Amino acid sequence: MRSTEPDGVPLPWHARVRDAATDRILGAGVLVGTRHVLTCAHVVGDPENEVVVEFTTRPEATTTGRVEPDHWIPEGKAGEGDIALLRLAEDQPEGCGAVLRRQATPLATEVHALGFPQGHPDGLWVSMRLAGNCGPRGEWVQLNDWRPGEPSRGFSGAAVLNMLNDHVTGHVIGHVIGMVVGRHNGPPANLAYMIPVETVARYLPRTRRWVHGPGAVDPETASDYDPLVPDVALAQRMTDWLRAPSTVRVLVGDGPGQTRTLRSVIVSSDREHRPPDRVLVSAPPGTVSPIASLDLAVNASGKTVEAISQRILDRLGIPGPASGAAGRVRDGVPAMTIVVYGIDEADDPVSLVDTLLRPLAEQRSRLLLVFGRDPSPALTRARSLESEAATAEREHVLRLLDELTGRVAKLGVAERRAVEHWREVAPRVAGVPDPPDLAAAFLLRLLRHPGTAPEEHWTARELQELLRRQERAATRIEEYGRSLREALARRNELRGRLETSKALAVDADLAEDIDLGRLYDEAHRLLWTERPCDVGEAATLVRRYETAVRRLRTAGRGAAPEARGREARDRAAEERVANGGGAGDGAGGGG
């Protein structure tokens, strides 16, 4: 990643936070400006705590910090918040602070973080993929496919970086688009969550001085929220689409309050500028859209295709030359949910529909196109695009359904094999967990009402999420089968070790040793006779037998059998004492 510090030190903003009293690593943080570090509230633990802040690439800059007054957002009842801004005891050099970036978070985007899990005090890089909005009130973004390892406390507060190639400079640029807030409790274990920069800016408006990049909503729109929308019907149609967006939807609003209505619905969906709940409750039912339900809202009035294309690239954080934005969008960009309004007043409405909006739809972006009057050539083209996109969407959904149905059938087969394997292993090895039952849940989801087309109740996004879940379920069953094989292999390994040690004992003329034979019989009984076998206990007995054989062989093969027997008994007594057992009658000096 390109450094932001003049002398070329990489990641000069990356912070490690320690407990000042115990020196324990609490988590990570991000230097912003010259005297503040952004982190999670739970990392600090208490707003009165003093913490040690270390910069991993600038160890000489270690200092202390406390929570800035009025900049402590503890975790709420629903898990919301959990943000803190620390004020450092000493200023850091200019240029070392990170640039926080507002940015759309398209599905499957690969991102990275550097945290401090247990055993990695100097840091561990991990990679994840963005998987959509989630968490309390939609404030978070889910992070899938965490690798390597699993999320842990040492990553809380770590910057989430989106690495992009700058086609102008040739550099790889890392945008800080959020910070890790926590991990998923329970299976699957490779999920975590991110607080996006826009959520941070909503809770702590002071941080906006360090935030760059365009938001989802134009600045003039963000300040124009009116809960009492003039056109309730239009607002409800917009929010219905934002809750479950199809590929392309065309709306026509012909009332004088269309602009105010549009802006109110758009602002209610924006992570950064969404009004407080006390304001939203006064809005008519069905006119408040879900938070973060759109990636971009564009007012096309007076704008060229090139300007709107550049707005899309800027929102995605894609660098590039100042010209040719429309062509770069047509070449391919990640799919987004976009609202475009004021199309009638664009510089060239027909060209906007044909040369930009149509390619975006073909790339599977979801578009809500709002027109102000009817009819017009651009509206006719948009209606045609809507119809074509609906047909393509149905075909896409059917393909995804076929793929999911096939995968679920394979999942059922893998599950039945796992059950058969479990029936073989469970009677032989104790403690084997029951086989997972995952396919039934997918089969229930795929049931539909009689007389309805299979694609009517699905969107492509829902099916893609189910496909991702199916992949995780298949991995889980594969791992379960591996655990069964490993359990049986462990028992068989112990059997082999026991017989190898017995062969060594026979070779050393120890076959008649009574105590050694007793140790062998105990281990043999557990490994061959008892069902199911307690592998942990069997391992202990095998180790005891191996130790006894090794000691007796070391004592010498020429010793008399009686002497070897006494020595074996003495060694066994020592082992019992060492393992917490008694030494036997007469071994103590009782009174």
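Structure first, text after, so check above.
It should be emphasised that the depicted structure is a prediction, and the values quoted were computed from it without experimental measurement.

Across the six residues that make up strand S1 (residues 14-19), a large majority, five, are buried. Here five bridges tie S1 to strand S2 (residues 25-32), and the two strands are oriented antiparallel to one another. Bridge pairing links Val17 to Gly27 in S2. Adjacent in sequence and paired antiparallel, S1 and S2 are bridged by five residues, among which Asp23 carries a positive phi angle near 70°. Relative to strand S4 (residues 51-55), S1 runs antiparallel, the two being bridged by five bridges. If you follow Arg16 over to S4, its bridge partner there is Glu54.

Let us now look at the packing of helix H13 (residues 514-529) against helix H14 (residues 535-555). Close contact between H13 and H14 brings their axes to 9 Å; oriented N to C, the two are set at 155°. By the angle between their axes, H13 is roughly antiparallel relative to H14. As for how H13 packs across H14, the hand of that crossing is left-handed. Side by side, H13 and H14 meet where Leu516, Leu519, Tyr520, Glu522, Ala523, Leu526 and Leu527 of the first sit next to Glu537, Ala538, Leu541, Val542, Arg544, Tyr545, Ala548, Val549 and Leu552 of the second. Residue classes in the contact of H13 with H14 are distributed as 13 nonpolar, no polar and three charged.

With that out of the way, let us pick up helix H9 (residues 349-362). Taking 1.5 Å per residue as the helical rise, H9 with its 14 residues ought to reach 20 Å, and the 19 Å between its terminal C-alpha atoms agrees with that figure. Its axis deflected by about 30° at Leu356, H9 carries its strongest bend there, up to four residues before the proline Pro359. Here H9 has its buried residues at Pro349, Leu352, Val353, Leu356, Leu357, Pro359, Leu360 and Ala361. Structurally, H9 contributes buried residues whose contacts are with strand S15 (248-252), helix H7 (305-316), helix H8 (325-331), strand S17 (337-341), strand S18 (366-371) and helix H10 (377-425). One or two positions beyond H9, positive phi appears at Arg364, with a value near 75°.

Rules used in this analysis
- Residues numbered from 1 in each chain as written.
- Predicted model: local features only at pLDDT ≥ 70, side-chain atom pairs only at ≥ 80, totals over all residues.
- Heavy atoms only, no water.
- Buried < 20%, exposed > 50% of the residue type's maximum accessible area, 1.4 Å probe, protein only.
- Helix = DSSP H or I, 4+ residues; strand = E, 2+ residues; numbered from the N terminus.
- Pairing = 2+ DSSP bridges.
- Axes fitted to C-alpha atoms, helices over the stretch in contact; angles between N-to-C directions.
- Parallel < 35°, antiparallel > 145°, perpendicular 65-115°, else oblique.
- Left-handed = near helix turned anticlockwise from the far one by under 90°.
- Contact = heavy atoms within 4.5 Å.
- Nonpolar A, V, L, I, M, F, W, Y, C, P; charged D, E, K, R; others polar.
- Expected span 1.5 Å × (residues − 1).
- Bend = angle between axes of the 7 residues up to and from the residue.

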